[in-house]
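Listed below are the residues making up each chain.
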Amino acid sequence: MTHLFSEFSTNAILKVGNESLLESYKHSKQVALFTFIRTKVSKAEIIVDSMPFTMAPHSVLALTNIQYLQFIQGEDLVVYQFNREFYCIKDHDQEVGCAGLLFFGNEHLSLIHLDEKEQDKFNTLHEVFVDELETKDNIQAEMLRMLMARFIIKSTRILKAKGRTEDETFAIADSKIDLLRSFNMLVESHFRQEHSVRFYADKLFKSPKTLSNTFAKLNTSPLKIIHERLVLESKRLLIYTDKTAKEIAFEIGFEDASHLSRLFKKHTSISPSDFKKQLKSTS
């Protein structure tokens, strides 16, 4: 059974279910959503970025929204999928955020093996997830984000504690993915001060044109990534603080608030002030 949570004010999406969530990936395509796949007693066969991969029983795999996935087979899986607006809009420690260790913070596809004790903990956490998805109230979104944070923290701790042995990681040979990961990490560190592709290209010892040509093959662009991160941060500050649109613009590096307003409207179809009004009307 698939459970879907969506939030009108932020465009947040969370999907929780089984292997049925992976049926649309029978042919390789970009994941589009941050995705966790957990196996139970059976293994699963997938292809990630053109590389075949077998997930052993009782393991967890994290995929970023930029990777390509083809689902071959697997049953009794637990699958979580969410967009940036669901989890990344909240402040999290860098290690467990959307640019953290499980996602853009590494150059490998990390496979986490769960021992019997950890299996019980993840099963219990999943039961709480499902229960919360069936509970409709005004704090549901916050509870679901807390549960996802807990899932990511637990997974990150296991990954760090066990280290990355040859059996626990699967190297992705595609240098385009590694470059995109590095770019995302730099954007996460500098987006409040630096909005130009040139800055990040220089940091990566690449030309802006090289970045644009490389990222085009992954259906994105350097400027799009920068702009989406700025809009996401604007949404976060509009939702969780009392700062005005002008204050937010200055905080994330715009000398003229109208520049942020135009960018925000281009991505959301409404201005920051209207977004704030919309939040108040739905709360």
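Residues numbered from 1 in each chain as written. Predicted model: local features only at pLDDT ≥ 70, side-chain atom pairs only at ≥ 80, totals over all residues. Heavy atoms only, no water.

Let's talk about the overall build of the protein chain
The helix and strand tally for the protein chain stands at 10 helices and 11 strands. In the protein chain, buried positions account for 51% of the 283 residues. Within the protein chain, contacts between residues at least 6 apart in sequence are counted, and of these 73% link residues at least 24 apart. Approximately 13600 Å² of the protein chain is accessible, and the part contributed by carbon and sulfur atoms is 50%. (Helix = DSSP H or I, 4+ residues; strand = E, 2+ residues; numbered from the N terminus. Buried < 20%, exposed > 50% of the residue type's maximum accessible area, 1.4 Å probe, protein only. Contact = heavy atoms within 4.5 Å. Areas by Shrake-Rupley, 256 points an atom, 1.4 Å probe, with all protein chains shown as cover.)

Observations concerning the sheet that holds strand β3 (residues 29–30)
Pairing between the strands of a sheet comes from backbone hydrogen bonds, and it takes one of two forms, parallel or antiparallel. Read across the sheet, four strands follow the order β3-β8-β5-β6 without closing on themselves; strand pairing throughout is antiparallel. Two strands in the sheet have a free side with no partner beyond their single neighbour: β3 and β6 (51–55). Note: strand β5 (residues 44–48) against β6, five bridges, orientation antiparallel. Opposite I46, over in β6, you have F53 as the bridge partner. (Pairing = 2+ DSSP bridges.)

So, the pattern of salt bridges
Applying the stated criterion to the full structure yields nine salt bridges. In this structure, the salt-bridge partner of E228 is K224, at a minimum N-O distance of 4.0 Å. Within this pair, E228 and its partner K224 are both found in helix α7 (residues 222–240), separated by four residues, close to a single helical turn. The partly exposed category is assigned to E228, whose relative accessible area is 32%. K224 gets classed as partly exposed once you look at its relative accessible area, which sits at 36%. Look at the salt bridges and you will find they share partners, linking E188, R192, R229, E233 and R236 into a network. (Salt bridge = Lys/Arg side-chain N within 4 Å of Asp/Glu carboxyl O.)

Thoughts on the pairing of strand β2 (residues 12–17)
For a regular strand, side-chain orientation follows a simple rule: the groups alternate between the two sheet faces. Here strand β1 (residues 3–7) pairs with β2 via five bridges, running antiparallel. Bridge pairing in β2 links H3 to V16. What sits between the antiparallel neighbours β1 and β2 is a turn of four residues, in which N11 has the positive phi angle 65°. Inspection of the sheet shows β2 paired to strand β9 (residues 78–82) by four bridges, in the antiparallel sense. Residue pairing across strands places V16 opposite Y80, the latter belonging to β9.

Observations regarding helix α2 (residues 116–133)
Compared with the 26 Å implied by 1.5 Å per residue over 18 residues, the 26 Å span of α2 between its first and last C-alpha is a close match. Taken together, the buried positions of α2 are E118, Q119, F122, L125, H126, F129, E132 and L133. Viewed end-on, α2 has its buried residues packed into an arc of 150°, placing them on one side of the element. α2 presents E116, K117 and E127 as exposed residues on the side facing more than 90 degrees away from its buried surface. A distance of 3.2 Å separates the backbone nitrogen of K117 from a side-chain oxygen at the start of α2, and that oxygen is part of D115. (Expected span 1.5 Å × (residues − 1). Arc of directions from axis to C-beta. Polar contact = N/O pair within 3.5 Å; in protein donor to acceptor, adjacent residues only side chain to side chain.)

Remarks on helix α4 (residues 175–190)
Across its 16 residues, α4 extends 23 Å between first and last C-alpha, which sits within 8% of the 22 Å expected from 1.5 Å per residue. Regarding α4, the residues found buried are I177, D178, L179, L180, R181, F183, N184, L186 and V187.

As for the packing of aromatic side chains
Considering all chains together, one arrives at 13 aromatic pairs under this definition. Look at F36 and F82: their rings are 6.5 Å apart centre to centre, the planes differ by 35°, and that puts the pair in the tilted class. Placement of the pair is F36 in strand β4 (residues 34–38) and F82 in strand β9, with a sequence separation of 46 residues. By way of ring pairs, the aromatic residues F5, F34, F36, Y80, F82, F86, Y87, F122, F129 and F151 are connected into one cluster. We note K29 situated over the ring of Y25; from NZ or CZ to the ring centre the distance is 5.0 Å. (Phe/Tyr/Trp six-rings, centres within 6.5 Å; stacked < 30°, edge-to-face > 60°. Lys NZ or Arg CZ within 6 Å of the ring centre and 35° of its normal.)

Considering the environment of S24
Assignment of secondary structure puts S24 in the loop between β2 and β3. Using a relative accessible area of 43% as the deciding quantity, one classes S24 as partly exposed. As for S24 and Q70, which are separated by 46 residues in sequence, their C-alpha atoms are 8.8 Å apart.

Notes on the side chain of K154
Structurally, K154 can be placed in helix α3 (residues 140–162). Put simply, K154 is tucked away with no salt bridge, and the nearest opposite charge, on E118, sits 7.7 Å away. Here K154 is in contact with K121, F122 and L125, once residues within four sequence places are set aside. (Lys, Arg positive; Asp, Glu negative; His and termini not counted.)

Let's talk about the nonpolar core
Core analysis: the largest hydrophobic core is formed by 34 residues, its most contacted members being L14, F36, F82, F86 and M148. Secondary structure elements with two or more residues in this core: β2, β4, β7 (59–63), β9, α1 (84–87), α2 and α3. It is α3 that provides the largest number of residues to this core, a total of nine residues. For F86, the contacting residues outside a window of four places in its chain are F5, A12, I13, L14, L144, R145 and M148. Counting 31 residues, the second largest nonpolar core, distinct from the first, contains F191, V197, Y200 and F264. (Core = buried A, V, L, I, M, F, W, Y, C linked by side-chain atoms within 4.5 Å.)

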